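Chain by chain, the residues run as shown.
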Amino acid sequence: MKNYISDYEKFDKENAYYGNDLGVTVDGEITRFKVWAPLCTAAYLNLYTGGDGDNRVETVCMRKIESGVWYVELFHDVYGMYYTYTLEYEYNETHEVVDLYAKACGVNGNRGYIANLAALNPEGWEDSARVVCKSPVDAIIYECHVRDFSISGTSGVHWSKMGRFEGFVEPNSRYEGVATGIDHLKELGITHVQLMPVADYATVDEKKNGSGQYNWGYDPKNYMCLEGSYSSNPEDGDVRIREFKTLVMELHKAGIGVILDVVFNHTYYTTESNFHMTVPYYYHRIDEHGMFTNGSGCGNETASEHLMMRKYMIDALKFWVTEYKIDGFRFDLMGLHDIETMNIIRDELDKIDPSILMYGEGWTGGESPYPTDKLSFKWNSYSFGRIGLFNDNIRDAIKGSTFNLHDTGFVSGNRHANSAIKRGITANARYKSLQGTADDLCWAFTPAQAINYCEAHDNHTLWDKLSISVSDRSEEDRRRMDKLAAAIVILSQGVPFIQLGQDFLRTKPKVFKAHETANETNIYDGNSWNAPDETNMIRWDEKKKNLDVFSYYKALIALRKSSPLFRMRTSEELDEHLFFHDNGDDVITYELYSKDECYLIALNPQNEKKTVNLPNGVFYCRLNDEGKPVYKNVYGNVTVPRISCAVFKRIKE
Ligand code: CA
């Protein structure tokens with residue numbers, strides 16, 4: 001395929017289309033199709049009765065109307081039909097493509113589908129609303145993979161729904177009396193679920209549903225369509241839509257918001273992608289030799305600075321928000337998107353609902369040719385202050401570097417991590433009293449910009465990292481380290497983020513292929529994107545086995561929700577209400593103080609109990625190392641058990 005575009009700015013000026021009617025519009029008896037394809041010489045609409053197979057019923061010639069838009073209208077009902085476009089280029093080259101604006105698709109996303117979306121609303125949908133979230137710091141985010149959540153026999157979910165949208169919200173599921181599934185989410189108290197990609201992805205064959213295929217879903221194919229393998233019938237374009245809307249509605253009923261993980265930064269296919277086949281060399285970044293650049297590490301990267309790619313992202317996100325009532329977005333490799341685009345997206349979502357969350361990874365997976373000062377890297381954070389960023393500084397300070405398995409962090413006895421932990425406690429935002437302490441880690445524009453975590457789908461789970469890096473310590477010690485890590489993530493300023501199962505010591509045992517051999521450090525899988533269920537699935541019996549850990553996480557979440565002092569909005573509030581006490585290097589102690597309340601929080605990573613001084617007044621232990629309150633008056637010097645967090649609350653001055 002030839003690159004017809006020599007100057008992208010000029011191309012945008014001459015060809016960009018600003019209308020809001022790309023894709024299919026059904027207007028009474030008339031159905032209109034519009035596709036932006038300025039470089040093709042002819043375009044045709046193909047209608048089919050199925051999502052695949054030899055069942056074409058009609059091919060209709062489209063005409064070019066404006067700004068490279070091709071158009072055709074049909075005067076008969078086409079709901080329930082599948083469709084593609086055939087685009088012709090010079091030299092007799094033709095491509096049959098799926099409409100980039102297809103809102104639904106057939107099996108394996110090979111044809112668009114004309115769905116009557118409103119007719120697929122489950123009963124009660126009108127009453128389903130986004131959750132109230134006045135500030136991102138009020139959110140407690142829980143990252144879940146749809147299949148992991150209920151594919152295990154221990155999930156208690158009916159076998160016909162396991163690993164699917166339906167299984168995600170099956171009520172009253174239990175494992176030997178312990179709540180699993182959606183009931184687990186309610187019990188834990190998180191406010192938002194972040195679903196790993198649920199938009200259509202490429203590598204799971206939906207025609208072999210039930211054959212145990214696995215993928216995280218970072219191999220995007222159709223951006224406005226749902227993944228078929230999570231539905232009970234991928235062959236019927238309606239089913240996945242109805243089942244996903246039910247998932248959103250049931251989570252909303254439980255007071256839980258739904259965040260989508262969106263992967264606009266690259267496409268799974270490059271020359272075969274719908275983007276490239278619709279407008280060659282337009283939607284991806286191209287280097288001076290005309291080659292696709294690889295800032296994603298996945299073979300290509302998209303070009304958000306090109307007006308129609310930017311518009312595409314905005315249109316897709318607005319579609320998810322308005323059609324599915326989505327509560328927020330997590331942007332994969334957000335460092336590849338230009339800052340201007342991200343700020344425009346923020347403005348556009350604000351017009352719909354300013355509480356819609358936006359955050360992402362402030363890094364890339366490879367080298368991008370786009371100027372680094374214009375990309376949404378973490379170090380440019382002040383230029384997009386209302387969009388959150390994963391806080392890899394607190395992550396690595398807590399448990400040691402993610403990229404060095406044997407490295408230790410604050411909870412596992414590394415004293416060098418203290419100053420980075422203090423920065424994390426203040427959400428890595430500007431804070432006057434820590435000047436001279438790890439100043440380079442002060443990057444967040446406001447506390448709401450820091451997404452604090454120590455475990456996500458990438459890399460080893462916290463429990464596996466501890467098992468490797470401090471293998472010489474007892475299991476009891478490592479359990480204490482895990483709980484201390486949770487206390488830092490959940491009680492620090494900023495936005496806490498937890499991975500599914502982290503709250504009961506999730507582990508990802510590696511499944512070895514024939515040519516691989518196990519050793520001490522590779523028995524856990526740190527990159528399980530296409531590993532089998534045995535590695536990825538949630539074993540709910542582990543919740544029962546580790547109920548003490550679960551109860552501790554639950555108690556931390558309840559404590560965070562109980563007081564605004566754990567959820568400050570601005571640096572000015574931090575300056576006014578948060579004070580570090582000087583207890584030497586052994587223990588980090590800080591005070592949260594307002595006219596109504598006073599807390600002392602002590603983080604003791606040492607393998608021996610430590611004494612700390614309470615501020616003036618009478619206190620009680622609000623949260624001990626079991627996550628429980630101890631209703632006994634204390635004042636002056638108090639003891640903090642080894643490897644633990646203690647929270648004291650003032651009763652009277
Ligand atoms: Ca798919």
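Please refer to the structure placed before this passage.
Below or above, wherever it landed, is the structure these notes cover.

About the criteria used
Residues numbered from 1 in each chain as written. Predicted model: local features only at pLDDT ≥ 70, side-chain atom pairs only at ≥ 80, totals over all residues. Heavy atoms only, no water. Core = buried A, V, L, I, M, F, W, Y, C linked by side-chain atoms within 4.5 Å. Buried < 20%, exposed > 50% of the residue type's maximum accessible area, 1.4 Å probe, protein only. Helix = DSSP H or I, 4+ residues; strand = E, 2+ residues; numbered from the N terminus. Donors = N, O, S within 2.8 Å, 3.2 Å for Na, K, Ca; no water. Axes fitted to C-alpha atoms, helices over the stretch in contact; angles between N-to-C directions. Parallel < 35°, antiparallel > 145°, perpendicular 65-115°, else oblique. Contact = heavy atoms within 4.5 Å. Nonpolar A, V, L, I, M, F, W, Y, C, P; charged D, E, K, R; others polar. Polar contact = N/O pair within 3.5 Å; in protein donor to acceptor, adjacent residues only side chain to side chain. Salt bridge = Lys/Arg side-chain N within 4 Å of Asp/Glu carboxyl O. Phe/Tyr/Trp six-rings, centres within 6.5 Å; stacked < 30°, edge-to-face > 60°. Left-handed = near helix turned anticlockwise from the far one by under 90°.

The subject of this paragraph is the nonpolar core. In this structure, Phe33, Phe244, Phe329 and Leu603 are the most contacted members of the largest nonpolar core, which totals 167 residues. At 11 residues, helix α7 (residues 307-324) tops the list of elements feeding residues into this core. Counting 14 residues, the second largest nonpolar core, distinct from the first, contains Ile141, Ile259, Ala448 and Phe497.

Let us look at the coordination of the calcium ion. Binding of the calcium ion to the protein goes through Asp200 (OD), Tyr201 (O), Glu206 (OE) and Glu227 (OE), at separations of 2.2 to 2.4 Å. In primary-sequence terms, the residues that donate to the calcium ion follow D-Y-x4-E-x20-E. Placement of Tyr201 in strand β13 (residues 199-201) and of Glu227 in the loop between β14 (220-226) and α5 (239-253) is noted, with a sequence separation of 26 residues between them.

Remark: helix α4 (residues 181-188) packs on helix α15 (residues 547-562), axes separated minimally by 9 Å, with the N-to-C direction vectors making an angle of 55°. In terms of their interaxial angle, α4 and α15 are classed as oblique. Residues His184, Glu187 and Leu188 of α4 touch α15, and the partners they reach there are Phe550, Tyr553, Lys554 and Ile557. In the contact of α4 with α15, the residues fall into 4 nonpolar, 1 polar and 2 charged.

Here we come to the side chain of Lys610. Examined against the element boundaries, Lys610 turns out to sit in strand β24 (residues 610-613). What makes Lys610 buried here is its relative accessible area of 16%. A polar contact is formed between the side chain of Lys610 and the side chain of Glu608, at a distance of 3.0 Å. Dropping the residues within four chain positions of it, Lys610 is found in contact with Asp586, Val587, Asn604, Val638, Thr639 and Val640.

On to the pattern of salt bridges, then. Scanning all chains against the criterion turns up 50 salt bridges. Linking Asp350 and Arg386 is a salt bridge whose minimum nitrogen-to-oxygen distance equals 2.5 Å. On the criterion of sequence distance, the pair formed by Asp350 in helix α8 (residues 339-352) and Arg386 in the loop between β17 (357-360) and β18 (388-391) is long-range, its members being 36 residues apart. Three or more residues joined by partner-sharing salt bridges are found here, namely Asp261, Arg330, Asp332 and Glu361.

Taken as a whole and judged by the stated rule, the model has 40 aromatic pairs. Aromatic side chains Tyr8 and Tyr282 sit 6.5 Å apart centroid to centroid with 40° between the ring planes, which places their arrangement in the tilted category. One end of the pair, Tyr8, is in helix α1 (residues 8-15); the other, Tyr282, is in the loop between α6 (274-278) and α7, and 274 residues separate them in sequence. Here Tyr8 and Tyr282 have matching classes, each one buried. On the basis of an interplanar angle of 45° and a centroid distance of 5.6 Å, the ring pair of Phe11 and Tyr282 is categorised as tilted.

Attention shifts here to the packing of α7 against α8. For the pair α7 and α8, the least separation of the axes is 10 Å and the interaxial angle reads 30°. It follows that α7 is roughly parallel to α8 by the angle criterion. The chirality of how α7 crosses α8 is right-handed. Each of Arg310, Met313, Ile314, Leu317, Lys318, Val321 and Thr322 in α7 lies in contact with α8, whose residues at this interface are Glu340, Thr341, Ile344, Ile345, Glu348, Leu349 and Ile352. Classifying every residue of the contact of α7 with α8 by side-chain character gives 8 nonpolar, 2 polar and 4 charged.

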